[in-house]
Amino acid sequence: MEIIIDGLSWICLLIGCGLGLSGAIGIFRFKEFYTRMHAASVTDTLCVFFIAAGMILQSGFNLVSVKLIFVVALLWLTGPVASHALVRAAYQTGLKPKLGITRKQSSLRGKSST
Amino acid sequence: MMFAVTIMAILVIMGIALARAFLGPTIYDRILAVNMFGTKTVLFIAVYGFLTERPDFLDIALVYALINFIGVIAVLKFVERYPPPTATSKD
Amino acid sequence: MLVLTTIAIVRLRSLFAIVMLSGIYSLLSANIFVILDAVDVAFTEAAVGAGISTVLMLATIGITGYEMKPRSKKRRYVPLLVVTVTGAVLVYGMMDMPGFTDSTAPIHQHVAPRYIIDSPHEIGIPNMVTAVLASYRGYDTMGEVIVVFAALVGVLSLIGVRVPKVAPNYIEPPARPILQVMAKFMIPFIILFALYVQFHGDFGPGGGFQAGVIFSVAIILYTLTFSQYDGMRLVPPKVLKILAAAGVLIYGGTGVWTMLRGGSFLNYSVLGETSVAGQHLGILLIEFGVGLTVATAMMLLFFAFVSRGEKNL
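Residue numbers restart at each chain and count upward from 1, following the sequence in its written direction. The lettering of chains begins at A and the numbering of ligands begins at 1, in the order of writing. pLDDT decides what is reported in this predicted model: residues at 70 or higher carry local features, side-chain atom pairs at 80 or more are listed and counted, and totals for whole chains, interfaces and linings draw on all residues regardless.

K.L.:
Looking at this structure, I do not really get the overall build of chain B. What am I missing?
P.N.:
The way it works is that DSSP assigns letters per residue, a run of H or I at least four long becomes a helix, a run of E at least two long becomes a strand, and they are numbered from the N terminus. Each helix and strand in chain B was counted, giving 3 helices and 0 strands. Put simply, chain B runs from its N terminus to its C terminus through helices and strands in the order α-α-α. In chain B, which comprises 91 residues, the proportion classed as buried is 68%. Think of it this way: build a C-beta for each residue from its backbone, and any pair within 7 Å is a contact. Here the contacts in chain B between residues at least 6 apart in sequence split such that 51% fall between residues at least 24 apart. With C-beta atoms placed from the backbone, a residue is buried if 20 or more other C-beta atoms are within 10 Å of its own, exposed if 12 or fewer are, and partly exposed between those counts.

Structural data, given as structure tokens:
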């Protein structure tokens, strides 16, 4: 039983670390703000979840795990909202995303494919 | 052991985010890096509690998650009200 | 990492980037505090350094503007000399200090054993930091509270709070619907958490300073996501001023009460039936006073800076 739990928390923690690292590489390597934003915000959410899940598996069900669940809930609530507000502020103050194609082209393409 | 590996990974992530905060051409990159840094700090404190087998520091992690959010919101509100002169420059 | 951050802060010219980096700096130093097992210090650093000071510095930038003045080229050697000499003196002073984790250091010989051995049966609360902070070093903490209060009085007399008379125009749709819903959802939990930190300070990390900051964060979040007018209608600055003074009064009044009961100033043992119960009551009272003063002072400072920035717009 313990081996199973240990193995599961290993898997969870490793997935979490992998996601976090990919987000960090994304934030460092991508060329433009919106792509960086995308990399960071998407990976952050799942990274937090997996690492906390690994820790909950290790601690068992007690006050600590309840607090961990609170941490995850808080980060899940605040993270996406912060990302949304960040992108919104950036867009409104005039930082335009670099689009490969214009909006008109993309809508035309959508029509032709349907 | 598993928590040591996790801590190392989180430290690496924090280092990379710090590099982005130093380089960040626009202020939004810096805000993004700070946000990410804060999230990773929350995780760091939680995992460190487990690493030292005293997992009762989670109150601090909660406060961090909260404070980080407030900080980012304050910064964004500020940026929206006083649009920075450098924001419109090239990426 | 700390050194790198400091170098970057000194090199950068944009005040805004500096504020962001100093946020990172305080997060880093709080990590170090956690690693050194100074949990209460880390708690305070988290609440005050990373959160409130960022918000207040931003509000200050709202008054001053984005960029630093271009610095002058001449006479740069005198400051360098002064800094180098001071640093050298400090390093020289460090030589005499005992090494880190040296168990024969003076602090481990005299004061610390007294606190560690005696506080469980003298004060009777599990968190020793709170015992030292509120009971043994009651004078110091009172001084800190008075410093916070004096800073508040200074800022208010310099800047002052302008209460907007006119409600903002609500004909347009609200600017940030998602943020407003989130804030409304979160504020009750934040206040609950602040109360938990306030009254749980005897058992775990926490206490009046941290709880006050967290409480004021809730109100600041409301003010940020809605408007300054709404925030000031929720907690009028006039009431806040009275409450800030009341917090200091509670702290000092506890001390006077102990004197009336025949003890010395801020010696809580005379307050209750037994000395331990008296200590509990005393610590609870002064922590409440500290929390009240800190929370109201933070809110008033925020209002003062924000209302000032509003005028310059």
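K.L.:
How should the overall build of chain C be read in this particular structure?
P.N.:
Counting its regular elements, chain C contains 13 helices and 0 strands. The buried share of chain C, taken over its 313 residues, is 38%. For chain C, restricting intrachain contacts to residue pairs at least 6 apart in sequence, the fraction spanning at least 24 positions comes to 70%.

K.L.:
Please clarify how the nonpolar core should be interpreted in this entry.
P.N.:
In these notes, a nonpolar core means any group of buried Ala, Val, Leu, Ile, Met, Phe, Trp, Tyr and Cys residues linked to one another through C-beta atoms within 7 Å. Within the largest apolar cluster, 141 residues are counted, with the highest numbers of intra-cluster contacts made by Val71(A) and Leu86(A). The element contributing the most residues to this core is helix α3 (residues 58-81) of chain B, with 18 residues. For the domains described, the bounds stem from an automatic or database domain assignment. Both of domain 1 (1-66) and domain 2 (124-313) of chain C provide at least three residues apiece to this core.

K.L.:
Looking at this model, I keep getting lost on the environment of Ala277(C). Mind explaining?
P.N.:
Assignment of secondary structure puts Ala277(C) in helix α13 (residues 275-312). For Ala277(C) and Gly23(C), which are 254 residues apart along the polypeptide, the C-alpha to C-alpha distance reads 41 Å.

K.L.:
When you look at the interface of chain B and chain A in this model, what are you seeing that I'm missing?
P.N.:
Interfaces are often sized by the amount of accessible area the parts lose when they come together. With 41 residues of chain B in contact, the opposing surface of chain A contributes 38 residues. Listing elements by their share of the side of chain B that touches chain A, those giving two or more residues are α1 (2-23), α2 (27-51) and α3 of chain B. For the side of chain B that touches chain A, the element with the highest residue contribution is α2(B), accounting for 13 residues. In this count, Pro and Cys sit with the nonpolar residues alongside Ala, Val, Leu, Ile, Met, Phe, Trp and Tyr, while Asp, Glu, Lys and Arg are called charged and the others, Gly among them, polar. The residue makeup of the side of chain B that touches chain A, split by class, is 32 nonpolar, 5 polar and 4 charged.

K.L.:
Just checking my understanding: could you explain the confidence of the model for chain C for this structure?
P.N.:
If pLDDT is low for a region, its predicted coordinates should not be looked at in detail. Residues and elements named next belong to chain C. pLDDT is a per-residue confidence score from the predictor, ranging from 0 to 100. Looking at chain C, pLDDT values average 71 and 61% of them are 70 or higher. Averaged pLDDT values for the elements of chain C fall to 59 in helix α5 (residues 106-109) and rise to 82 in helix α9 (residues 177-199). Among the scores for the predicted complex, ipTM is 0.74 and pTM is 0.75.

K.L.:
Would you take a moment to explain the confidence of the model for chain B for this structure?
P.N.:
All names here are of chain B. Summarising the model, chain B shows a mean pLDDT of 76, and 84% of its residues fall at 70 or more. Per-element averaging of pLDDT across chain B places α3 at the bottom with 77 and α2 at the top with 83. Between residues 87-91, whose pLDDT stays under 50, and residues either more than four places distant or in other chains, the model counts 10 contacts.

K.L.:
Even after reading the chapter, I still don't get α9(C), so can you show me in this structure?
P.N.:
Residues spaced three or four apart along an α-helix face the same direction, because each turn holds 3.6 residues. For a helix, the expected span equals 1.5 Å multiplied by the residue count minus one. Helix length check: α9(C), at 23 residues, gives a terminal C-alpha distance of 34 Å against a target of 33 Å (1.5 Å per residue), a fit within 8%. If you check which residues of α9(C) are buried, you get Leu179(C), Met182(C), Ala183(C), Met186(C), Ile190(C), Phe193(C), Ala194(C), Val197(C) and Gln198(C).

K.L.:
Any chance you could explain the environment of His38(A) here in plain terms?
P.N.:
By the element assignment, His38(A) lies in helix α2 (residues 33-59). Put simply, His38(A) and Leu74(A) are 36 residues apart on the chain and 20 Å apart in space, counted from C-alpha to C-alpha.

K.L.:
Please clarify how helix α10 (residues 208-225) of chain C should be interpreted in this entry.
P.N.:
Taking 1.5 Å as the rise per residue, α10(C) with 18 residues should run 26 Å; its terminal C-alpha atoms sit 26 Å apart, in good agreement. Of all the 18 residues making up α10(C), 18 are buried; the element is thus mostly covered by neighbouring parts of the structure.

K.L.:
What am I meant to see in the packing of α2(A) against α2(B) here?
P.N.:
When two helices pack together, their arrangement is given by the angle between the helix axes and by the axis-to-axis distance. One can describe the packing of α2(A) onto α2(B) by two numbers: an axis separation of 11 Å at closest approach and a directional angle of 10 degrees. With respect to their mutual orientation, α2(A) and α2(B) come out roughly parallel. Together, Phe33(A), Arg36(A), Met37(A), Ala40(A), Asp44(A), Val48(A), Ile51(A), Met55(A) and Gln58(A) of α2(A) and Tyr28(B), Asp29(B), Leu32(B), Met36(B), Thr39(B), Leu43(B), Ala46(B), Val47(B) and Phe50(B) of α2(B) make up the contact between the two elements. To obtain each axis, a line is fitted to C-alpha atoms, and for helices this fit is confined to the stretch in contact; angles are then taken between N-to-C directions over 0 to 180 degrees. Each angle gets one of four labels, with under 35 degrees taken as roughly parallel, over 145 as roughly antiparallel, 65 to 115 as roughly perpendicular, and the rest as oblique.

K.L.:
How should I be thinking about the packing of helix α3 (residues 63-92) of chain A against α9(C) in this particular structure?
P.N.:
Orientation of α3(A) relative to α9(C), taken along the N-to-C sense of each, is 155 degrees, at an axis distance of 10 Å. In terms of their interaxial angle, α3(A) and α9(C) are classed as roughly antiparallel. For α3(A) against α9(C), the interelement crossing comes out left-handed. Contact with α3(A), carried on its side by Leu77(A), Val81(A), His84(A) and Ala85(A), involves Ile178(C), Leu179(C) and Met182(C) of α9(C) and no other residues of that element. A class-by-class count of the residues in the contact of α3(A) with α9(C) yields 6 nonpolar, 1 polar and no charged. For any helix crossing, the convention is left-handed if the near helix is rotated counterclockwise from the far helix by under a right angle, and right-handed if that rotation is clockwise.

K.L.:
Would you mind showing me how to read the environment of Pro177(C) here?
P.N.:
All names here are of chain C. Tracing the backbone through its elements, the reader meets Pro177 in helix α9. A count of 9 C-beta atoms within 10 Å places Pro177 in the exposed class. Along the chain, Pro177 and Pro236 lie 59 residues apart, while their C-alpha atoms are 25 Å from each other.

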